[in-house]
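Residue strings, one per chain:
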Amino acid sequence: MSAGVSASSAVLPASSNLLARFSDLLWRRPSVLLAVLLAPPVLWLGIIYLGSLFALLAQSFFAIDEFTGLVQYEWTLKTYGELLRPVNLDIIARTVTMAACVTVFAAIVAFPIAYFAARYARGRWKAVFYLGVMLPLWSSYLVKVYAWKLILAKEGILTWGFSKIGLMPLLELILAIPVIGGNSLSVSYIGTFLVFLYVWLPFMILPMQAALERVPVSLLEASADQGANPSETLRHVLLPLALPGVVAGSIFTFSLTLGDYIIPQIVGSSRLFIGQAVYAHQGTAGNIPLAAAFTVVPVVIMGFYLWGAKRMGAFDAL
């Protein structure tokens, strides 16, 4: 080979084919290759997802004509004024309260499971743990909800179990509690809460387990060496270090409960949650602006929630 031949031509000869030239460009410029690979998902996210979200936000600034029932495409805050009515504020408060309760109890239930998996499960038992946590996620969402409706019904296995062990008076006392009680667990807020807790619990366990695995055992041993008892080590060492995982799991449990409408529709009372209100106003009542305004509420709430979670380092545990 002559000395006059350049190194680039020796490695990759020039080609007159258009496709080959484009391939050469991608090889010589990795940034162009990266842009080509990222363009489809970015366009999908920007146009389909965010575009529809902004279109929904725009719908909330329209209003329904009270006489014709048609949407008036004029910018107004009338729909948000309607959103602030007591009946609608009650729906928002009910949904946020349920989401908060599910999140708190999911963290309480998930912590010992995640701690055992992070500290003691090894090898085959670790695989059993992941299988046990992930297995409920592989079954149909609707099948699980309807199964729980049968379990919580007055003739269900849970009521049968209470009666067999002589705790039926206790169950009746719980169901007699105002607001959260009902004729049976399947038509009460208690039943709705139990189904929410069961369905979303894996989303709390996995981030919490990942955060607990990052806690060095030496820190726990050092705490014991300094005279701290197990409860003090839990409060002052383990929980603060595991908090990002708890917050990361709460992002899933809180947001999923906040926007779900199927579980309250199947298990629970006739009082609406945000998801049911959106479905009712958009499908039955035809009040799309109010449905859009209801949809903005969880978006705003989760925006502040994610901002606070990021400041606590929750995304590091995802």
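None of the values given here were measured: they were computed from a predicted structure.

Concerning the overall build of the protein
Helix and strand content of the protein: 15 helices and 2 strands. In terms of overall dimensions, the protein is more spread out than a globule: its C-alpha atoms have a radius of gyration of 27 Å, far above the 20 Å expected for 318 residues. When its C-alpha atoms are laid out on the principal axes, the protein stretches across 100 × 75 × 35 Å. With 318 residues in all, the protein has 35% of them scored as buried.

Thoughts on a nonpolar patch on the surface
Together, Leu45, Tyr49, Leu50, Leu53, Phe54, Leu57 and Val299 line one region of the surface with nonpolar side chains, adding up to about 630 Å² of accessible area. At 6 residues, helix α3 (residues 30-59) tops the list of elements feeding residues into the nonpolar patch. Here leucine 50 shows up in helix α3.

Quick word on the pattern of salt bridges
In the structure shown here, the tally under the stated rule is 3 salt bridges. Between glutamate 82 and arginine 85 there is a salt bridge, with the nearest N and O atoms lying 3.9 Å from each other. Glutamate 82 sits in the partly exposed class, given a relative accessible area of 21%. Given the relative accessible area of 45%, arginine 85 is considered partly exposed. Between arginine 94 and aspartate 90 there is a salt bridge; the shortest N-O distance is 2.3 Å. Of this pair, arginine 94 and aspartate 90 are both found in helix α5 (residues 86-119), 4 residues apart, which corresponds to roughly one turn of the helix.

Some remarks on the nonpolar core
One finds Met98, Val195, Met208 and Leu212 to be the most contacted residues of the largest nonpolar core, which totals 40 residues. Mapped onto this core, the elements with two or more residues apiece are α5, α6 (124-138), α7 (141-152), α9 (168-175), α10 (189-213), α12 (230-259) and α13 (262-266). Take this core: its biggest share by element is 13 residues, from α10. Leave out the neighbours within four places in its chain, and methionine 98 touches Tyr189, Thr192, Phe193, Phe196, Thr257 and Phe273. Among the nonpolar cores identified, the runner-up in size contains 13 residues, and Tyr80, Leu83, Val278 and Leu290 belong to it.

Here we look at the confidence of the model for the protein
Looking at the protein, pLDDT values average 84 and 92% of them are 70 or higher. Here helix α1 (residues 7-11) stands out as the element of the protein with the lowest mean pLDDT, 46, in contrast to α5, whose mean of 92 is the highest. In the model, residues 1-12 has pLDDT below 50 throughout and makes 6 contacts with residues more than four positions away in sequence or in other chains.

Some thoughts on the environment of glutamine 276
Tracing the backbone through its elements, the reader meets glutamine 276 in helix α14 (residues 274-284). Look past the residues within four positions of glutamine 276 in its chain and what remains in contact with it is Tyr261, Pro264, Gln265 and Arg271. Within polar-contact distance, the side chain of glutamine 276 engages the side chain of glutamine 265 at 3.1 Å.

Brief notes about the packing of α12 against helix α15 (residues 288-311)
Relative orientation of the contacting elements α12 and α15 amounts to 175°, with a least axis distance of 11 Å. Our classification of the angle between α12 and α15 gives roughly antiparallel. Of the residues in α15, those touching α12 at Val247, Ser250, Ile251, Phe254, Ser255 and Leu258 are Pro298, Ile301, Met302, Tyr305, Leu306 and Ala309. In terms of residue class, the contact of α12 with α15 is built from 10 nonpolar, 2 polar and no charged.

Focus: unusual backbone geometry
One non-glycine residue, valine 179, lies in positive phi territory at about 75°. With respect to the helices, strands and loops of the structure, valine 179 is situated in the loop between α9 and α10. Using a relative accessible area of 55% as the deciding quantity, one classes valine 179 as exposed.

What counts as what
- Residues numbered from 1 in each chain as written.
- Predicted model: local features only at pLDDT ≥ 70, side-chain atom pairs only at ≥ 80, totals over all residues.
- Heavy atoms only, no water.
- Helix = DSSP H or I, 4+ residues; strand = E, 2+ residues; numbered from the N terminus.
- Rg over C-alpha atoms; globule rule 2.2 N^0.38 Å.
- Buried < 20%, exposed > 50% of the residue type's maximum accessible area, 1.4 Å probe, protein only.
- Patch = residues over 30% accessible without salt bridge, like charges linked within 9 Å, V, L, I, M, F, W, Y side chains within 5 Å.
- Areas by Shrake-Rupley, 256 points an atom, 1.4 Å probe, with all protein chains shown as cover.
- Salt bridge = Lys/Arg side-chain N within 4 Å of Asp/Glu carboxyl O.
- Core = buried A, V, L, I, M, F, W, Y, C linked by side-chain atoms within 4.5 Å.
- Contact = heavy atoms within 4.5 Å.
- pLDDT = per-residue confidence, 0-100.
- Polar contact = N/O pair within 3.5 Å; in protein donor to acceptor, adjacent residues only side chain to side chain.
- Axes fitted to C-alpha atoms, helices over the stretch in contact; angles between N-to-C directions.
- Parallel < 35°, antiparallel > 145°, perpendicular 65-115°, else oblique.
- Nonpolar A, V, L, I, M, F, W, Y, C, P; charged D, E, K, R; others polar.

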